[in-house]
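# Chain and residue survey
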Amino acid sequence: MGQFLKYDPIEISHSLGLGPFGLEIDHDSGVVLRSGISVGFGHKGVGKILQTLPLPICLSYVEQIDHQAPNVYSLGLSICFEELMGLEVSERAKAIRVLVGRVMLMRSHLGYLYRIARIGGQAALAQHCLRERERFHDLMEMLCGSRAGFGAICVGGVFSDATDGWLFKLEKAMNSLEVFLPEYIESLLEQPIFASRVRGLGVVSADVARKHELSGANLRATGIDPNGIYYGLVFTNFINRNRRQMITFGDAYSRIWARVLEIEGAIGAARAEALQLPAGNFCTKVALGAQLGVGHAACELEGPRGNVFISVDKEEGSGEKSVSFFNGSRATLSVLQRATVGIELDDLPLTIASFDPAISEVDL
Amino acid sequence: MSPAVDTKELMGRTITPFYSGGSVDLYLVTPEIFSEICSYWEDLSRDRLPIFKNISISTNSNGQICVKVWVSPIGIGHVFCLKAEYPPQSKLPDVPLIWPKLTMIEEREYFETQAQDRFSKGGVAWVNS
């Protein structure tokens, strides 16, 4: 006999910490028949707000869209602004921006691993994830003053230079993470009970993933290996070839593995890039009252939750700029509704968390 | 520098960009041409469809409804923005490209397959209704 459950946004965000979204479930004896996700509860209308704001302040607003990866939004918007202003950014600033991207990816994925461990019942392991994440918070605090990384990217470059001390702390944090990851794999991913629970859970086929324009780690978990986009660098084509078979099934197990492998890859790439930081200025200062030239610019970057597309338009004779986003989580939510069909209610939190959506402003 | 892309291949007709910049080419079209391009996309196979990037619907200072669709013919780097302005209160086109490109039939088939895969081993007969 079918039954109907309705979770209000507060309850879901309290238990999963993903942002406010509503969940409506038809289930039959604990098996999900249909699920519906409603979003827009925290809608701020960022696109409208940005129309008249000064450029540097716009970056502060877009960073709120995904508090776990604010650099992706601020960098995308900065690149569009810089194109319309005709502003050339130094090679050093670009390299530091990429390093910040790697740090934030590791930090965001550690938050993801924390949630998975907590929902999977491994409370002690979850705490260890937070301990590792704190090292990356320290790094961001050192770079920009904000532990969450707000303000690290600014129009024209980055907030402060990557000093030798910062790079040393980065190396230490990554060394520690390298030791921790095998522990996580052994304690959770290779733990037979947990592995059997997440295998085959919330399956998304490669075909469905392509249809819904899924991107990032969720797409990679279906066996498709897109080239990550980040300043012309191949951002994520670094996943260990020998372990690729772990992430071809499109289920929750593959999605968790995809994040672990992305962290491993990010460590290797960041280590190489830190050794080759070019010399030069880290920022070209832009005045608060700087104006954009007339034109259209767009930028797509890969973040921890998939690709983010940002476009900025400034029309002739108009004092306002028009900013528009397409967030990777928007595609994820569409797939999520299908992937939850047929699973047991007890597995629902784990399935949702395995997709790692960021709900804020997906209804833009 | 714009890539050399044949807009006839991309949109079913040759259009001159209204604006051509470093990352975006903007095509300003009439609602009729916009609908024509949408129909062209509807007939394309998945492999030939331009990659959908974003859509925005807003009103301009004259009260007209401004629809913009961003697509990419090559995936990375350069995007094409197709823009059309509609009179207030007019019916907007049903853009088939717009994500997610699915029909109800596909949805149902997917649910049924997923459910059967999941429960066939456990001997539970269950079909989504």
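Residues numbered from 1 in each chain as written. Chains lettered and ligands numbered in written order. Predicted model: local features only at pLDDT ≥ 70, side-chain atom pairs only at ≥ 80, totals over all residues. Heavy atoms only, no water.

## Some remarks on the overall build of chain A
A count of helical and extended segments in chain A gives 13 helices and ten strands. Across the 364 residues in chain A, those meeting the buried criterion constitute 59%. Expressed as a percentage of contacts within chain A between residues at least 6 apart in sequence, the contacts between residues at least 24 apart total 70%. Surface exposure of chain A reaches about 13300 Å², of which carbon and sulfur atoms provide 54%. (Helix = DSSP H or I, 4+ residues; strand = E, 2+ residues; numbered from the N terminus. Buried < 20%, exposed > 50% of the residue type's maximum accessible area, 1.4 Å probe, protein only. Contact = heavy atoms within 4.5 Å. Areas by Shrake-Rupley, 256 points an atom, 1.4 Å probe, with all protein chains shown as cover.)

## A short note on the sheet that holds strand β3 (residues 51-59) of chain B
All names here are of chain B. The five strands are arranged β1-β2-β5-β4-β3 in an open sheet whose pairing can be described as mixed. Each of the sheet's edge strands pairs with one partner strand only, and the pair in question is β1 (19-20) and β3. Sheet analysis places β1 next to strand β2 (residues 24-29), joined by two bridges and oriented antiparallel. Counted as the bridge partner of Y19 is L26 from β2. Where helix α2 (residues 31-43) meets the sheet, its contacts fall on β2, β4 (65-72) and β5 (79-86), and the angle it forms with β5 comes to roughly 130°. (Pairing = 2+ DSSP bridges. Axes fitted to C-alpha atoms, helices over the stretch in contact; angles between N-to-C directions.)

## Re the pattern of salt bridges
Residue and element names in this part refer to chain A. Applying the stated criterion across every chain yields a total of 23 salt bridges over all chains. As a salt-bridge pair, R135 and E132 come within 3.5 Å of each other at their nearest N and O atoms. With R135 and E132 both in helix α6 (residues 123-144) and three residues apart, the pair spans about one turn of that helix. Residue classification places R135 among the partly exposed residues on the basis of a relative accessible area of 33%. Classification of E132 as buried rests on a relative accessible area of 1%. Residues E302 and R220 are paired through a salt bridge, measuring 3.2 Å at the closest nitrogen-oxygen approach. Here R220 lies in helix α10 (residues 216-220) and E302 lies in strand β8 (residues 295-303), a separation of 82 residues in the sequence. Classification of R220 as buried rests on a relative accessible area of 2%. (Salt bridge = Lys/Arg side-chain N within 4 Å of Asp/Glu carboxyl O.)

## Some details on the confidence of the model for chain B
Caution applies to low-pLDDT parts of the model: their predicted coordinates are not meant to be read in detail. Residues and elements named next belong to chain B. When pLDDT is averaged along chain B, the result is 69; 64% of the residues meet or exceed 70. Averaged pLDDT values for the elements of chain B fall to 44 in helix α3 (residues 104-120) and rise to 89 in β2. Scored below 50 in pLDDT, residues 99-112 shows 31 contacts in the model against residues more than four places distant or in partner chains. Predicted complex, confidence summary: ipTM 0.78, pTM 0.85. (pLDDT = per-residue confidence, 0-100.)

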